[in-house]
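Inside the fold
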Amino acid sequence: MKILHLDKNHPLLLNQLNDLGFTNHEDYTSSKSEIEAKIDTYDGIIIRSRFTIDQQFLDAATNLKFIGRVGAGLENIDCDYAKKKGVYLISAPEGNRNAVGEHALGMLLSLFNKLNKADREVRQGKWLREANRGLELDGKTIGLIGYGNMGKAFAKKLKGFDVEVLCYDIKDNVGDENCEQVSLEELQEKVEVLSLHTPQTELTLNMVNSEFINKFKKSFWLINTARGKSVVTKDLVNALKSGKILGAGLDVLEYEKSSFENLFSSDKMPEAFEYLIDAENVLLTPHVAGWTVESNIKLAQTIVDKIKAKFC
């Protein structure tokens, strides 16, 4: 079987697939149309997020047997059409779930203890102790929306704290010893921290908007390490201004391109984002929650293992 690699990944992926007898070709620069012109000669594709694999692409890939996406989500692939054509889809949420869980916890603790603000002030010669008095996580109720690989990893990290962890998920019976599954209404009534762990779907696009936010009984902190387009940024900003949202840790933004490589396609910065970058109660990172040295290895290994299990 011939595999075309469209994004660079950890070298173990190529090395181990070679050892398993696959023929591997790399093309990290050709345009989508150029790839389409030759994709019919390949049995498999390995991709991260370079471009969208749509119906036109899949129609050109007449011999395609699988697509391996070195990441957690499959939103850049027309999954329904791929399955209809008999293409096996492989993703690797097991590979970066621990990294995401640690990042979410790090963001939360940093926000509660004003670490980014305090660090910046001390570097400027300011020694403001009372202004940087923090909060403790113990005793808080944490709510997770989405309780798959990422949500479970975060809940496991929270186990060492004296907190109540609740989750809401569209699937039934996903709760476990680390988290109690509840209705969305109960979640919105009880939580003081909300963390998103959902894929990008029609249900989650613009999910966190003004109507959603205002249904929470208490003011709350927001952590988003999932997908940026789940949160309407201008509505988030309004909630930050009103105090309904006490602070936000955002690893993802609605302005991201699907390739995750650049933030803005033009020089004009959205007004809502200008507010976020100046807000002392907002922590921003560039879509790196699952982007660790270890996850780079684990993601590649997960893809290899799944290909091996299916095709060897």
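Residues numbered from 1 in each chain as written. Predicted model: local features only at pLDDT ≥ 70, side-chain atom pairs only at ≥ 80, totals over all residues. Heavy atoms only, no water.

Looking only at helices and strands, the protein chain features 12 helices and 12 strands. In summary, the protein chain has a C-alpha radius of gyration of 21 Å against a globular reference of 20 Å for 312 residues, a match within 12%. Referenced to the eigenvectors of the C-alpha coordinate spread, the extents of the protein chain come out at roughly 65 × 45 × 35 Å. By the burial criterion, 48% of the 312 residues in the protein chain qualify as buried. Considering only contacts within the protein chain whose residues lie at least 6 apart along the sequence, 60% involve residues at least 24 apart. Total accessible area on the protein chain stands at roughly 15600 Å², and carbon and sulfur atoms take up 48% of it. Side chains of the protein chain give 40 positive and 45 negative charges; the mean places of these two sets differ by 2 Å. (Helix = DSSP H or I, 4+ residues; strand = E, 2+ residues; numbered from the N terminus. Rg over C-alpha atoms; globule rule 2.2 N^0.38 Å. Buried < 20%, exposed > 50% of the residue type's maximum accessible area, 1.4 Å probe, protein only. Contact = heavy atoms within 4.5 Å. Areas by Shrake-Rupley, 256 points an atom, 1.4 Å probe, with all protein chains shown as cover. Lys, Arg positive; Asp, Glu negative; His and termini not counted. Charge placed at Lys NZ, Arg CZ, Asp CG, Glu CD.)

Spatial ordering of the open sheet is given by S8-S7-S6-S9-S10-S11-S12, a layout of seven strands whose pairing is parallel. The open sheet is flanked by strand S8 (180-181) and strand S12 (282-284), the only strands paired with a single partner. Bridge count between strand S6 (residues 141-145) and strand S7 (residues 164-168): five bridges; the pairing is parallel. Bridge pairing links Ile 145 to Tyr 168 in S7. Contacts between helix H7 (residues 149-158) and the sheet are confined to S6, S7 and strand S9 (193-196), with S6 contributing the most and set at about 165° to the helix. (Pairing = 2+ DSSP bridges. Axes fitted to C-alpha atoms, helices over the stretch in contact; angles between N-to-C directions.)

As a further point, take helix H10 (residues 233-242). Among the residues of H10, those classed as buried are Thr 233, Asp 235, Leu 236, Val 237, Ala 239 and Leu 240. Next to the buried residues of H10 lie helix H9 (210-214), strand S10 (220-224), strand S11 (245-250), helix H11 (271-278) and S12. One or two positions beyond H10, positive phi appears at Gly 243, with a value near 90°.

In this section: a positive patch on the surface. Together, Arg 97, Lys 156, Lys 159 and Lys 298 give the surface a local cluster of positive charge. Arg 97 sits in the partly exposed class, given a relative accessible area of 35%. (Patch = residues over 30% accessible without salt bridge, like charges linked within 9 Å, V, L, I, M, F, W, Y side chains within 5 Å. Salt bridge = Lys/Arg side-chain N within 4 Å of Asp/Glu carboxyl O.)

Now for the nonpolar core. Core analysis: the biggest nonpolar cluster contains 30 residues, and Leu 194, Leu 196, Phe 212, Leu 222, Leu 236, Ile 245 and Leu 276 have the highest contact counts within it. The set of elements that each furnish at least two residues to this core consists of S9, H9, S10, H10, S11 and H11. At four residues, H10 tops the list of elements feeding residues into this core. Those residues within four positions of Ile 245 in sequence are excluded, and the remaining contacts are Ile 213, Phe 220, Leu 222, Leu 236, Ala 239 and Leu 240. (Core = buried A, V, L, I, M, F, W, Y, C linked by side-chain atoms within 4.5 Å.)

This part takes up the packing of helix H5 (residues 93-112) against helix H12 (residues 293-311). Where H5 meets H12, the closest approach of the two axes is 7 Å, and the angle between their N-to-C directions is 160°. It follows that H5 is roughly antiparallel to H12 by the angle criterion. For H5 against H12, the interelement crossing comes out right-handed. Taking contact as the criterion, the partners of Pro 93, Glu 94, Gly 95, Asn 96, Asn 98 and Ala 99 in H5 are, on H12, Ser 295, Lys 298, Leu 299, Thr 302 and Lys 306. Counted by class, the contact of H5 with H12 contains three nonpolar, five polar and three charged residues. (Parallel < 35°, antiparallel > 145°, perpendicular 65-115°, else oblique. Left-handed = near helix turned anticlockwise from the far one by under 90°. Nonpolar A, V, L, I, M, F, W, Y, C, P; charged D, E, K, R; others polar.)

Aromatic ring pairs are reported here in terms of the distance separating the ring centres and the angle at which the planes meet. Summed over the entire model, instances satisfying the criterion amount to seven aromatic pairs. Between the aromatic rings of Tyr 255 and Phe 273, the centroid separation amounts to 6.0 Å while the plane-to-plane angle is 75°, which identifies the pairing as edge-to-face. You can see Tyr 255 sitting in the loop between S11 and H11 and its partner Phe 273 sitting in helix H11, a full 18 residues away along the chain. Taken as a pair, Tyr 255 and Phe 273 share a single burial class, namely buried. (Phe/Tyr/Trp six-rings, centres within 6.5 Å; stacked < 30°, edge-to-face > 60°.)

Here the focus is the pattern of salt bridges. Per the counting criterion, the structure on display carries 13 salt bridges. Asp 43 serves as the salt-bridge partner of Lys 65, at 2.6 Å between the closest nitrogen and oxygen. On the criterion of sequence distance, the pair formed by Lys 65 in the loop between helix H3 (55-60) and strand S4 (66-69) and Asp 43 in the loop between helix H2 (32-38) and strand S3 (44-47) is long-range, its members being 22 residues apart. On the basis of relative accessibility, which here comes to 35%, the residue Lys 65 falls in the partly exposed class. Asp 43 sits in the buried class, given a relative accessible area of 13%. Glu 186 is paired through a salt bridge with Lys 190; the nearest N and O atoms lie 2.7 Å apart. Highlighted residues: Glu 186 and Lys 190, both in helix H8 (residues 184-190), separated by four residues, approximately one helical turn. Judged by relative accessible area, Lys 190 falls into the partly exposed class, the value being 30%.

On to the sheet that holds strand S1 (residues 2-5), then. Here five strands make up an open sheet; going across it, the order is S2-S1-S3-S4-S5 and the pairing parallel. Edge strands, defined here as strands with exactly one partner in the open sheet, are strand S2 (23-26) and strand S5 (88-90). The average undirected angle you get between the axes of adjacent strands in this sheet is 20°. Bridge count between S1 and S2: four bridges; the pairing is parallel. Each residue of the ladder has a partner; that of Lys 2, found in S2, is Thr 23. Sheet contacts for H12: S3, S4 and S5; angle to S5, the most-contacted strand, approximately 155°.

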